[in-house]
Amino acid sequence: VQLQASGGGLVQAGGSLRLSCAASGSIVSFNVQGWYRQAPGKQREFVADITSAGGTNYADSVKGRFTISRDNIKDTVYLQMNSLKPEDTAVYYCNAVLQRPGRRTDFWGQGTLVTVSS
């Protein structure tokens, strides 16, 4: 399965963007799908994820501003980002986890750049 991230771009502070992560195959088998980001000079960090049961988790820095969702028919996961801040500037990567007994496999998209201007 390959993941294709898209939707990044340049936006002013306070604006919105929606990122998409399209899978080449069915996403229903994934246990968790999520988004991570990496700002220049920093380590990759967790942003949000959604389980196969629909449960969601968010980093404290994005709670109340970002919303993750998934469309099993379109095999796509979305990240709606509102009230963007300059500190949200980063390359955003989508991730999918396939968890089997004793084995975890992570899949990563290629990343999409989000730039928030002040």
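Data block above holds the structure.
Quantities reported herein were computed from a predicted structural model and do not represent experimental measurements.

## Brief notes about the overall build of the protein
Looking only at helices and strands, the protein features zero helices and eleven strands. The N-to-C order of helical and strand elements in the protein reads β-β-β-β-β-β-β-β-β-β-β. Against the 2.2 N^0.38 benchmark of 13 Å for 118 residues, the protein shows a C-alpha radius of gyration of 14 Å, consistent with a compact globule. Considered along the principal axes of its C-alpha atoms, the protein spans approximately 45 × 30 × 25 Å. Counting only residues that meet the buried cut, the protein has 41% of its 118 residues in that class. In the protein, the share of contacts with a sequence separation of at least 24, taken over all contacts with a separation of at least 6, comes to 53%. Distance from the positive charge centre (12 side chains) to the negative charge centre (8 side chains) of the protein: 2 Å.

## Re the nonpolar core
By size, the foremost hydrophobic cluster in this structure holds 29 residues, and its most contacted members are Trp 35, Val 47, Phe 66, Ile 68, Leu 79, Met 81 and Tyr 92. Contributing elements (two or more residues each) for this core: strand 1 (3-6), strand 3 (17-23), strand 5 (45-51), strand 7 (66-71), strand 8 (76-81), strand 9 (90-100) and strand 11 (112-117). The contact partners of Ile 68, leaving out residues within four places of it in the chain, are Gln 33, Gly 34, Trp 35, Ala 48, Asp 49, Ile 50, Thr 56, Tyr 58, Val 77, Tyr 78 and Leu 79.

## A look at the side chain of Arg 70
Structurally, Arg 70 can be placed in strand 7. Polar contacts involving the side chain of Arg 70 include one to the main-chain carbonyl oxygen of Thr 51, which spans 3.2 Å. Of the polar contacts made by the side chain of Arg 70, one reaches the side chain of Asn 72; its length is 3.1 Å. Not counting the four nearest positions on each side in its chain, Arg 70 is found in contact with Ile 27, Val 28, Phe 30, Gln 33, Ile 50, Thr 51, Ser 52, Thr 76 and Val 77.

## A look at the pairing of strand 3
Summarising burial for strand 3: five of the seven residues are buried, a large majority. In terms of strand pairing, strand 3 meets strand 8 through six bridges, oriented antiparallel. From the neighbouring strand, Leu 17 faces strand 8, where its bridge partner is Met 81.

## Digging into the state of the cysteines
In total, this model carries one disulfide according to the counting rule given. Here Cys 21 engages in a disulfide with Cys 94; their sulfurs sit 2.2 Å apart. Looking down the S-S bond of the Cys 21 and Cys 94 bridge, the torsion is 65°, so its handedness is right-handed. Residue Cys 21 is located in strand 3, and its partner Cys 94 is located in strand 9; the two are separated by 73 residues in the primary sequence. Here Cys 94 falls in the buried class, since its relative accessible area comes to 1%.

Quick notes on the rules
- Residues numbered from 1 in each chain as written.
- Predicted model: local features only at pLDDT ≥ 70, side-chain atom pairs only at ≥ 80, totals over all residues.
- Heavy atoms only, no water.
- Helix = DSSP H or I, 4+ residues; strand = E, 2+ residues; numbered from the N terminus.
- Rg over C-alpha atoms; globule rule 2.2 N^0.38 Å.
- Buried < 20%, exposed > 50% of the residue type's maximum accessible area, 1.4 Å probe, protein only.
- Contact = heavy atoms within 4.5 Å.
- Lys, Arg positive; Asp, Glu negative; His and termini not counted.
- Charge placed at Lys NZ, Arg CZ, Asp CG, Glu CD.
- Core = buried A, V, L, I, M, F, W, Y, C linked by side-chain atoms within 4.5 Å.
- Polar contact = N/O pair within 3.5 Å; in protein donor to acceptor, adjacent residues only side chain to side chain.
- Pairing = 2+ DSSP bridges.
- Disulfide = S-S within 2.5 Å.

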